[in-house]
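# Structural description and commentary
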Amino acid sequence: MLDQILGFDHSALTWSEVTVTSILDFVGTFAFAISGIRLASTKQMDWFGAYVLGVTTAVGGGTLRDLFLGATPFWMLQPSYLIITFVALLYVYIFRKILIRTAPTVFVFDAIGLGLFMVVGVDKTLAMGFPSWVAVIMGTVTGSFGGLLRDIILNVTPLICRQDIYALACIAGGVIYTLMLHFVPIDTVYAQLISAGMVILIRILAAHYHWHLPQLKGVDAS
């Protein structure tokens with residue numbers, strides 16, 4: 001069952017590693033779904049529109065990753081991700097007053113999803129036999145492209161295209177994760193949690209201290 005949930009062969013992993021990866025995957029799905037649904041509520045979408053946006057945010061990056069890797073998109077193997085997104089929709093509806101009053105809600109859930117999905121993407125890519133540099137790229141795609149699709153649907157400039165430290169946080173976390181797996185004698189579970197935590201921490205610090213890349217200035221055609 002867990003093989004179907006994660007969509008790859010983890011016969012070489014221990015039971016605890018598989019379980020933690022599954023938890024990270026599901027929590028990341030829930031977090032990203034909430035970020036999409038919460039933004040949908042600001043656009044006065046109906047329930048179905050909000051659900052579609054939540055699903056797109058939650059599975060968009062992983063779907064693109066699987067297409068790149070030549071695998072069946074993970075959410076087509078079993079319905080857990082669609083169910084989790086529906087639970088997220090109910091959560092936003094039930095606690096909408098609290099979420100509305102809490103301004104950083106979308107940012108917090110987006111940061112959590114970013115970090116957790118990065119780890120899931122790296123793990124799946126490595127399990128399929130790809131090298132570490134490909135795993136870092138696929139981890140970044142998994143973490144950041146769901147938010148990209150969400151922003152495109154909402155007709156706003158995607159975070160990945162702004163000055164925000166977004167995809168770079170995924171890249172940094174992916175590099176840290178692969179380096180720990182290869183060179184640091186640490187349990188994989190701890191490496192996963194540390195790497196995901198680093199992505200979340202980088203996003204929070206970047207927002208708090210206004211870290212960003214230099215803006216590319218336009219060139220005067222005249």
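Analysis parameters
- Residues numbered from 1 in each chain as written.
- Predicted model: local features only at pLDDT ≥ 70, side-chain atom pairs only at ≥ 80, totals over all residues.
- Heavy atoms only, no water.
- UniProt positions renumbered as here; feature names shortened; annotations may be inferred.
- Helix = DSSP H or I, 4+ residues; strand = E, 2+ residues; numbered from the N terminus.
- Buried < 20%, exposed > 50% of the residue type's maximum accessible area, 1.4 Å probe, protein only.
- Phe/Tyr/Trp six-rings, centres within 6.5 Å; stacked < 30°, edge-to-face > 60°.
- Salt bridge = Lys/Arg side-chain N within 4 Å of Asp/Glu carboxyl O.

The feature "transmembrane region" (unreviewed entry), as given by UniProt, occupies residues 20–40, 47–64, 76–95, 102–121, 133–153, 165–183 and 189–206 in the numbering adopted here. With 100% helix and 0% strand, residues 133–153 has its two end C-alpha atoms placed 30 Å apart. End C-alpha to end C-alpha, residues 189–206 measures 26 Å, and it is 100% helix and 0% strand.

Right, let's get into unusual backbone geometry. With phi around 55°, Gln 44 is a residue other than glycine that occupies positive phi space. Positive phi, close to 60°, is recorded for Asn 155, a residue that is not glycine. Position of Asn 155 among the secondary structure elements: in the loop between helix H7 (132–153) and helix H8 (167–183). Judged by its relative accessible area of 70%, Asn 155 falls in the exposed class.

So, on to the packing of aromatic side chains. Tallying each qualifying case throughout the model produces eight aromatic pairs. Considering the side-chain rings of Trp 47 and Tyr 93, the 5.0 Å spacing of their centres and the 55° angle between planes classify their relative orientation as tilted. Residue Trp 47 is found in helix H3 (residues 47–69), and its partner Tyr 93 is found in helix H4 (residues 80–94); the two are separated by 46 residues along the sequence. Here the aromatic residues Phe 26, Phe 74 and Tyr 81 are joined through ring pairs into a cluster of three or more.

Time to look at the pattern of salt bridges. Across all of its chains, the model carries four salt bridges by this definition. Across the salt bridge formed by Arg 150 and Asp 110, the nearest N and O atoms sit 2.9 Å from each other. One end of the pair, Arg 150, is in helix H7; the other, Asp 110, is in helix H6 (residues 105–127), with 40 residues separating them in the sequence. Residue Arg 150 is classed as buried on the basis of its relative accessible area of 2%. Salt bridges sharing common partners tie together Arg 65, Asp 66 and Lys 124.

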